[in-house]
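Observations on the model geometry
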Amino acid sequence: MDRSIVANDIPYLAEGLISEILSYSEVKPLLVCKSVCKQWYAIIKEDEFVDTHMTRNNGRFHVFKRKGHSLNSDGIKETYKYLTSLNGLLLVERRSSVTKRATHQIRNPSTKETLDIPYPNNIRGFLLAVTIYLDSSTGSYNLAYVFSGRTCNELLFLRTDLGRPGTYPRYRKYFSWRYFSIFNLNEHNKYDFRIITTQAGMLYVLKTLKVRRGKPEIICIDLIQGTDTTCIGPESRSHHRRGFILQLWKEKPTILSLVKDRLSVWVLEDYKKQKWSDEILISLTYLNEYPRLKKVTPLFLHADGEDMLIYKYPSVCYVYKLESKEFCEVDPSTGKTIEVAETLISLKGMRPEKKGCFTEIENAT
């Protein structure tokens, strides 16, 4: 039989059509498809294909416990905690039972790859937060350590560029940290500070007086640009209250204050223009039936198209839906898990993870 005739009879698919078909597949089959031929391998490794696949597979995700235990290669027990997730990547904090020192990893649970982050030697002071974010201007992922200075009168952070997704190795010496000093905390002994971070590279610091009452302030820090803006709390009769809480609502900084059976909410709509929303007053009439919740400030969240308040306890969790005014008890594990999307993103230097390092609850689709 003439082999040239057989070869010509094999149906040919255009590369664009192959890419279109594969982009709808799950991650696990795609990892197998990479071994079919060089053409398929090249298609699946392209940045454009990875982005397209991530867009078309938003409904598939993994669910993990936020905290767990594992054994390292030396048989030493470690505790790990998932801090945050971004585009299928998990930021993990690991702590050995021997050294008690925290180390951090970037993990993709879909491809079973991890990237060890060397702890920067030039951290001075107390570590406050660790976050991963995406620099929209360059398309690269960044990792930032936020910490207070030795004298506790300034907020500092170290940032390293993890680069765009790729396959080239990254060694420890190639982690270059950039050092920034954000602002001075004048009269720091008089203030309390609360910090939250976002996936867009924003850091929000709530500044409130410790003793006397007054307006809260939010210091908005752009980690990408290295700039900060101070926003004074809006005018309200409720500023004589104490116990302000800082949260994120629809990725916007939100201040909550609870007094008796009423919750006040202020949303910072635009920090550059210092534009605040009108004060939202939520009457908590159900607290008469649940007196132990009166001293607990709930989480103000937007999920499943509805705003809700969540009260968390170790053994029970309560949810109050604002639109339907429904108050119910839910699974106490709510909030103790983290969801991460299935993606093919692989940062430079990622290596296959060791088996048994993490515990997955379920794989939902």
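Remember, predicted model here, so these are calculated numbers, not experimental data.

Rules used in this analysis
Residues numbered from 1 in each chain as written. Predicted model: local features only at pLDDT ≥ 70, side-chain atom pairs only at ≥ 80, totals over all residues. Heavy atoms only, no water. Core = buried A, V, L, I, M, F, W, Y, C linked by side-chain atoms within 4.5 Å. Buried < 20%, exposed > 50% of the residue type's maximum accessible area, 1.4 Å probe, protein only. Helix = DSSP H or I, 4+ residues; strand = E, 2+ residues; numbered from the N terminus. Contact = heavy atoms within 4.5 Å. Patch = residues over 30% accessible without salt bridge, like charges linked within 9 Å, V, L, I, M, F, W, Y side chains within 5 Å. Areas by Shrake-Rupley, 256 points an atom, 1.4 Å probe, with all protein chains shown as cover. Salt bridge = Lys/Arg side-chain N within 4 Å of Asp/Glu carboxyl O. Lys, Arg positive; Asp, Glu negative; His and termini not counted. Charge placed at Lys NZ, Arg CZ, Asp CG, Glu CD. Axes fitted to C-alpha atoms, helices over the stretch in contact; angles between N-to-C directions. Parallel < 35°, antiparallel > 145°, perpendicular 65-115°, else oblique. Left-handed = near helix turned anticlockwise from the far one by under 90°.

1. Points about the nonpolar core
Within the largest apolar cluster, 26 residues are counted, with the highest numbers of intra-cluster contacts made by Ile-106, Leu-143, Leu-162 and Leu-347. Where this core is concerned, the elements lending two or more residues are helix 2 (15–22), helix 3 (27–33), helix 4 (38–45), helix 5 (47–56), strand 4 (89–96), strand 6 (113–117), strand 7 (127–135) and strand 8 (140–148). The residues contacting Ile-106, other than those within four sequence positions of it, are Leu-89, Leu-90, Leu-91, Glu-113, Thr-114, Leu-115, Ile-117, Ile-132, Leu-143, Leu-162, Leu-347 and Met-350. The next biggest cluster of nonpolar side chains, apart from the first, holds 19 residues, and it includes Trp-249, Tyr-286, Leu-309 and Val-316.

2. Some points on unusual backbone geometry
Phi is mostly negative for residues that are not glycine, and the peptide bonds are mostly trans. The backbone of Asn-87 sits at a positive phi, close to 50 degrees, despite the residue not being glycine. With respect to the secondary-structure elements, Asn-87 resides in the loop between strand 3 (77–86) and strand 4. Residue Asn-87 is classed as partly exposed on the basis of its relative accessible area, which comes to 28%. One non-glycine residue, Lys-112, lies in positive phi territory at about 60 degrees. Along the chain, Lys-112 falls in the loop between strand 5 (102–108) and strand 6.

3. Remarks on a negative patch on the surface
A cluster of acidic side chains, namely Glu-15, Glu-46, Glu-48 and Asp-51, defines a negative patch on the protein surface. Within the secondary structure, Asp-51 sits in helix 5.

4. Overview of the packing of helix 2 against helix 4
At a closest axis distance of 10 Å, the pairing of helix 2 and helix 4 adopts a crossing angle of 60 degrees. Looking at the two axes, helix 2 sits oblique to helix 4. Here helix 2 and helix 4 pass one another in a crossing that is right-handed. Every residue of helix 4 that contacts helix 2 at Glu-15, Ile-18, Ser-19 and Leu-22 is listed here: Gln-39, Trp-40, Ile-43 and Ile-44.

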